[in-house]
Amino acid sequence: MVTEKENIDKTEFSAINFGKVSLWKKVANSQESGIFIALMILGLIIGLINPVFFKFANMMHILKTASYFFIPGIAITYVLVAAGLDLSIGSVLALGGVGSGLALLAGIPIIFSILVGVAVGMLAGFLNGFIITKFSIPPLITTLGMMYLARGFVEVLTKGTPVYPLPASFNIIGQGSIGGVPYVVIIAIILGIIGHIILTQTRFGRSVFAIGGNEETARLSGININKIKLIVYMLAGGASALSGVIISARVAAAQANAGVGYELRIISACIIGGTSMFGGKGSVLGSFIGAVFMAVVANGMILTKISVFYQNIIFGIIIILAVGLDQWKRLRS
């Protein structure tokens, strides 16, 4: 005969197991799980071929490389979730770095010089958002125009030559570390946590998802569509410029050709991480994993002695597969 205590114990045991199963299913079904598993498998394969991959210094190098893509990628996640697009990231990145570099050479204090670079990027983002919302010009066309416009300003301001010498106290931002962890990695993690909280836990974040899911429904529910879009493009411009500032500090010069080709890699990192190009779906965590995945692929090709000339081919295949998978999931749902 089963006692009441035994029944209670069985019930509690079942509840605990159910909770564990539900948690496991939640993790397994998360949009980041697929790319995370792929990242682990890729890392294991590279590490077995060349054990140098697992060394702390190499891990930090990978995270450092990923951080330069992830910092703009945080804001680009917002843009993509809102069903937008920004192709001007790379050029705005260079413009932000040059803006800060010229401010430093003019004798402006470091913190204000950094703010100058970020402000220039936010201005470019504001113009993108204003044109898109005010004149209904597609994001593809608007940001493509800004890509050439910003790059043109960079070339005019620098005449194609690097802006240097920059103060050593500024360069430490891109070259320094704490306990072997580069400052840029720490900055990226802090910004990533803030970006994740805003996107998932605030009214603004819910509005971004609502716009990407169904813009007309979002408008009818009282969301100020134009205001939200303007903000996300300004964030994209500011984050891109900040990455450009940190890159300038790393190489001790603001270079005119900085960020060339970065726009596609940053967007690719977000898509690989599960953010949909069609809007309404995405996460900052996924974009981080996507950025690390891209950095691991590049690092792995060097360690396994595969010619870097094949990098673009591999990245192209990965992007097509990622977008194809996203489209397949969208059609299924």
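Above this text is the structure in question.
Residue positions are given per chain, counting from 1 as you read along its sequence in written order. It should be noted that, the model being predicted, local features are given only for residues of pLDDT at least 70 and side-chain atom pairs only at 80 or more, the latter also being counted only at that level, while totals for whole chains, interfaces and linings use all residues. Hydrogens and waters are ignored; side-chain quantities use all the structure's heavy atoms.

### Here's the deal with helix α8 (residues 183-201)
Next, step 1: Given a rise of 1.5 Å per residue, 19 residues ought to cover 27 Å, and the 27 Å separating the end C-alpha atoms of α8 matches this to within 8%.
Next, step 2: When accessible area is computed with a 1.4 Å probe and restricted to protein chains, residues below 20% of their type maximum are described as buried, those above 50% as exposed, and intermediate ones as partly exposed. Strands here are runs of E lasting at least two residues and helices are runs of H or I lasting at least four, both read from the DSSP assignment and numbered beginning at the N terminus. Burial in α8 covers these residues: V184, V185, A188, G192, G195 and L199. One face of α8 carries all of its buried residues, which in axial projection span an arc of 90°.
Next, step 3: Contact definition: two residues touch when any of their heavy atoms are within 4.5 Å. As for α8, its buried residues are in contact with α3 (56-81), α7 (168-175), β2 (181-182), α9 (203-213), α11 (225-251) and α13 (284-303). Given a helix with a known number of residues, its expected span is that number minus one, times 1.5 Å. The directions from the helix axis to the C-beta atoms are what the arc is built from.

### A closer look at the packing of α3 against α8
Next, step 1: At a closest axis distance of 9 Å, the pairing of α3 and α8 adopts a crossing angle of 25°. By the angle between their directions, the pair α3 and α8 is classed as roughly parallel. Judged by the twist between their axes, the crossing of α3 over α8 is left-handed. On α8, the residues that touch L63, K64, S67, Y68, F70, I71, I74, T77 and Y78 of α3 are V184, V185, I187, A188, L191, G192, G195, I198 and L199. Helix axes use the C-alpha atoms of the stretch in contact, all axes being lines fitted to C-alpha atoms, and the angles between their N-to-C directions lie in the range 0 to 180 degrees. Each angle gets one of four labels, with under 35 degrees taken as roughly parallel, over 145 as roughly antiparallel, 65 to 115 as roughly perpendicular, and the rest as oblique. It is the rotation of the near helix from the far one that decides the hand of a crossing: anticlockwise by less than a right angle makes it left-handed, clockwise makes it right-handed.

### Side note on the packing of aromatic side chains
We describe a pair of aromatic rings using the distance from one ring centre to the other and the angle between the two ring planes.
Next, step 1: Ring pairs shown here join Phe, Tyr and Trp side chains whose ring centres sit within 6.5 Å, with only the six-membered ring taken for Trp; geometry is labelled stacked below 30 degrees between planes, edge-to-face above 60, and tilted in between. What the rule picks out here adds up to six aromatic pairs.
Next, step 2: Centroid distance F53 to F54: 5.5 Å. Interplanar angle 80°. Geometry classified as edge-to-face.
Next, step 3: Residue class for F53 comes out buried when judged on its relative accessible area of 5%.
Next, step 4: Judged by centre distance (5.2 Å) and plane angle (70°), the rings of F70 and F288 are edge-to-face. Of this pair, F70 sits in helix α3 while F288 sits in helix α13, and the two are 218 residues apart along the sequence.
Next, step 5: Residue classification places F288 among the partly exposed positions, given a relative accessible area of 27%.
Next, step 6: Feature note: the residues F126, F130 and F135 constitute an aromatic cluster, connected by ring pairs.

### Topic: unusual backbone geometry
Next, step 1: Cis rather than trans, the peptide bond between Y164 and P165 has omega equal to 0°.
Next, step 2: Along the chain, P165 turns up in the loop between α6 (139-158) and α7.
Next, step 3: At A83, a position not held by glycine, the phi torsion is positive, near 65°.
Next, step 4: Taking the relative accessible area as the measure of exposure, A83 reaches 41% and is therefore partly exposed.
Next, step 5: Positioned with a positive phi, A252 is a non-glycine residue whose angle comes to about 60°.
Next, step 6: Tracing the backbone shows A252 in the loop between α11 and α12 (262-272).

### Regarding the side chain of T143
Next, step 1: Mapped onto the secondary structure, T143 falls in helix α6.
Next, step 2: Within the structure, T143 has its side chain in polar contact with the backbone nitrogen of L87 (distance 3.1 Å). The definition of a polar contact used here is a pair of N or O atoms within 3.5 Å, where within protein one atom must be able to donate a hydrogen and the other to accept one, and adjacent residues in sequence count solely through side-chain atom pairs.

### Digging into the nonpolar core
Next, step 1: Within the largest apolar cluster, 73 residues are counted, with the highest numbers of intra-cluster contacts made by I76, Y78, V208, V232 and I267.
Next, step 2: By residue number, the principal contributor to this core is α3, which donates 13 residues.
Next, step 3: Residues in contact with I267, not counting those within four places in the same chain, are I76, L80, L85, D86, L87 and I89.
Next, step 4: Put simply, buried Ala, Val, Leu, Ile, Met, Phe, Trp, Tyr and Cys residues joined by side-chain atoms within 4.5 Å make one nonpolar core. L104, I114, L166 and A249 belong to the second-largest nonpolar core, a separate cluster that totals seven residues.

### Points about the pattern of salt bridges
Next, step 1: Every case where a carboxyl oxygen of Asp or Glu lies within 4 Å of a side-chain nitrogen of Lys or Arg is listed as a salt bridge. Going through the model one piece at a time under the given rule, you end up with three salt bridges.
Next, step 2: Its salt-bridge partner being K229, residue E215 comes within 3.1 Å of it at the nearest N-O pair. Residue E215 is found in helix α10 (residues 215-220), and its partner K229 is found in helix α11; the two are separated by 14 residues along the sequence.
Next, step 3: Overall, the relative accessible area of 28% leaves E215 in the partly exposed class.
Next, step 4: The exposure class of K229 is buried, given its relative accessible area of 17%.

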